[in-house]
Structures are given as C-alpha cells and as structure tokens.
Amino acid sequence: MAQPDADGDFDFWRNHAQISLQPVAAPSILGLFGFAAATFIVATNLAGWYGNTTTTPVFLFPFAAFAGGLAQLLAGMWAYRARDGLATAMRGIWGSFWLAYGLLYLLVAVGVLAPPTPFVALGYWFVALAAITWSGALAALAENLGLAAVLATLAAGATCLAIGQIANISGWRTAGAWFFIASAILGWYVATAMMLEGTWRRVVLPLGKRRGPNVPGRSPRQVIQFVSGEPGVKVGQ
C-alpha cells in the first residue's frame, strides 16, 4: 500500500481507521457521591456539629474508609479505563486519603493511637493534598466549571486544615471544615447533574461545561458522523 504524503495523512487515517466503542458510564458519578458523603460526615464533625473525641471515631472510620475511600478509589480506576486523567488523579488521590484516614481513626477507635495536639503529621497530609487538588482545580477549568468549584473549595479546605493542624489554630481548622462542607454540597450537585444527564439523555442541571451543550433540555451528546460526501469520496469528485 502506498504511503500518503504529509498533506493527505489526516484523510488517509480517517478513511482507514476502525473505531470500536466500549461504552463506560461516567465513573465520577460514583466517585463524587462517595466523596460528598464522606466529606460531609467528617467535615460536620470537624465543624463541631456533633460528636466527641471518644466515641465518634468508632462511627467515622468505616464510613470514611468505604464511602470516601473504596468507592472513590474504584471510581478512579474506572476513570482510567474511561481515559479521564483528571478524574483518575482526583478520585485516586482522595480515595487513597480517605482509606488512610479511615485506617488512622480505626487505630484511634481501638485505642492503639491517641491523636496528638497539635496533629502536625496530619497537617502535612493536607499540605500534599492541597497542592495536588489546586492543580486539579486549575485543570478542571478547561472542562467543567462545576467540577472546578468542587476542587477549588476542597483545595481551600485542605489548605486551611494544613495551617490549622500544623500551627494549632482552631479558627483555621473550623474554616477548613466549612470549605469541606461547601465542597461536599457542590460535589453532590455535580454528581446529581451527571446522573440526571445520563438517565434523561439531556442536560437537566447545568454544569458549566466548556465544551458541549450546557443548557437544560439540550442533548448532551453530539452525533458522530462523516462530513458530506464520505465515506470514500471527496466532495467534488
């Protein structure tokens, strides 16, 4: 077979490529719901809405580990299969964090560990998470303003908690908890919007997408088709 010249590369590969579609549901629906649930439960405890230092860890660790950890980590691996690098990174790193957080508070619950004050080591966990999540928020601006808002508030919360834990300033910890609550609510909204779009086959709640329809009632998908005159024949031939 003769090789195409440089100007004909695009037409050659378009006419000779075969595409096999393997539909994958949006993994971030599960990931965001798991994130929203675990983050809300833990953040409301950090904000002082409920709980104490003796019995609350017993109830926190299983939910944080499985809803926030396992669900998100699985969603991150499925996002890898769906070729979504942003979701793979964010769901993967936060799923790993919630698994570690659940394990940490399991050890606290059974009396193996006693959280120090200030909890400087946990503060450095949040330093790393904040840096990674700010990067994710910047990347999300290119795709989805709703997701960018989730990640920006999450990164802000991680930043505040890092300062609060390392410097032992309760006001920063409280601010971080409130940012986490806001991020959890936004995560619930984005996951709900994605789920409704998938079931109703049209936009129900806007997400601020940079590409594709973003108006309620519009179809979220664009038809894949050849340009006029194809396949195999150029217009004018």
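This is a predicted model, so every value here is computed, not measured. (Residues numbered from 1 in each chain as written. Predicted model: local features only at pLDDT ≥ 70, side-chain atom pairs only at ≥ 80, totals over all residues. Heavy atoms only, no water.)

A. Structural detail: the nonpolar core. Counting 40 residues, the largest nonpolar core has Trp94, Trp98, Tyr105, Phe126, Leu151 and Phe180 as the members making the most contacts within it. Of all the elements in the fold, those that place two or more residues in this core are α2 (27-46), α3 (56-81), α4 (85-109), α5 (120-140), α6 (145-167) and α7 (170-200). Counting residues per element, this core draws most heavily on α4, which supplies nine residues. Discounting chain neighbours no more than four positions away, the residues touching phenylalanine 126 are Phe97, Ala158, Leu161, Ala162 and Phe180. (Core = buried A, V, L, I, M, F, W, Y, C linked by side-chain atoms within 4.5 Å. Buried < 20%, exposed > 50% of the residue type's maximum accessible area, 1.4 Å probe, protein only. Helix = DSSP H or I, 4+ residues; strand = E, 2+ residues; numbered from the N terminus. Contact = heavy atoms within 4.5 Å.)

B. Inspection of the packing of aromatic side chains at higher detail. What the rule picks out here adds up to eleven aromatic pairs. Centroid distance tryptophan 94 to phenylalanine 180: 6.1 Å. Interplanar angle 80°. Geometry classified as edge-to-face. Highlighted residues: tryptophan 94 in helix α4 and phenylalanine 180 in helix α7, separated in sequence by 86 residues. Grouping residues by exposure puts tryptophan 94 and phenylalanine 180 together as buried. An aromatic cluster is present here, built from Trp94, Phe97, Trp98, Tyr101, Tyr105, Trp125, Phe126 and Phe180 joined pairwise through their rings. (Phe/Tyr/Trp six-rings, centres within 6.5 Å; stacked < 30°, edge-to-face > 60°.)

C. Inspection of the side chain of asparagine 144 at higher detail. Within the secondary structure layout, asparagine 144 lies in the loop between α5 and α6. Note on asparagine 144: relative accessible area 12%, which makes it buried. At a separation of 2.9 Å, a polar atom in the side chain of asparagine 144 contacts the main-chain amide nitrogen of leucine 147. Dropping the residues within four chain positions of it, asparagine 144 is found in contact with Leu207, Gly208, Lys209 and Arg210. (Polar contact = N/O pair within 3.5 Å; in protein donor to acceptor, adjacent residues only side chain to side chain.)

D. Region of the structure containing a nonpolar patch on the surface. The grouping of Leu30, Phe66, Leu70, Leu74, Trp78 and Leu99 at the surface amounts to a nonpolar patch, some 550 Å² of accessible area in total. Ranked by residue count, the leading element in the nonpolar patch is α3, at four residues. With respect to the helices and strands, phenylalanine 66 occurs in helix α3. (Patch = residues over 30% accessible without salt bridge, like charges linked within 9 Å, V, L, I, M, F, W, Y side chains within 5 Å. Areas by Shrake-Rupley, 256 points an atom, 1.4 Å probe, with all protein chains shown as cover. Salt bridge = Lys/Arg side-chain N within 4 Å of Asp/Glu carboxyl O.)

E. Structural context of the packing of α3 against α4. Their axes nearest at 7 Å, the elements α3 and α4 cross at an angle of 160°. One way to sum up the angle between α3 and α4 is to call them roughly antiparallel. Note that α3 runs across α4; the crossing there is left-handed. Of the residues assigned to the contact of α3 with α4, the class counts are 20 nonpolar, nine polar and one charged. (Axes fitted to C-alpha atoms, helices over the stretch in contact; angles between N-to-C directions. Parallel < 35°, antiparallel > 145°, perpendicular 65-115°, else oblique. Left-handed = near helix turned anticlockwise from the far one by under 90°. Nonpolar A, V, L, I, M, F, W, Y, C, P; charged D, E, K, R; others polar.)

F. Region of the structure containing α4. Taking 1.5 Å as the rise per residue, α4 with 25 residues should run 36 Å; its terminal C-alpha atoms sit 36 Å apart, in good agreement. The N-cap of α4, judged by a side-chain oxygen 3.3 Å from the amide nitrogen of leucine 86 a few residues on, is aspartate 84. Looking at the residues trailing α4, positive phi occurs at glycine 111, about 85°. (Expected span 1.5 Å × (residues − 1).)

G. Looking closely at the environment of valine 42. Turning to its location among the elements, valine 42 is positioned in helix α2. Under the relative-accessibility criterion, valine 42 is labelled buried at 3%. Along the sequence, valine 42 and phenylalanine 61 sit 19 residues apart, while their C-alpha atoms lie 9.3 Å from each other. Look past the residues within four positions of valine 42 in its chain and what remains in contact with it is Leu60, Ala64, Trp98 and Tyr101.

H. Region of interest: α7. In this model α7 runs 45 Å from its N-terminal to its C-terminal C-alpha over 31 residues, within 8% of the 45 Å that 1.5 Å per residue would give. Looking at the buried positions of α7, the neighbouring elements they touch are α2, α4, α5 and α6.

I. Here's a closer look at unusual backbone geometry. Here the amide bond leading from threonine 117 into proline 118 is cis, since omega sits at 0°, within 30 degrees of zero. Summarising the element assignment, proline 118 is placed in the loop between α4 and α5.

J. Summary view of the environment of alanine 155. Among the secondary structure elements, alanine 155 is positioned in helix α6. Along the chain, alanine 155 and alanine 131 lie 24 residues apart, while their C-alpha atoms are 7.5 Å from each other. Excluding its chain neighbours within four sequence positions, the residues that come into contact with alanine 155 are Ala130, Thr133 and Trp134.

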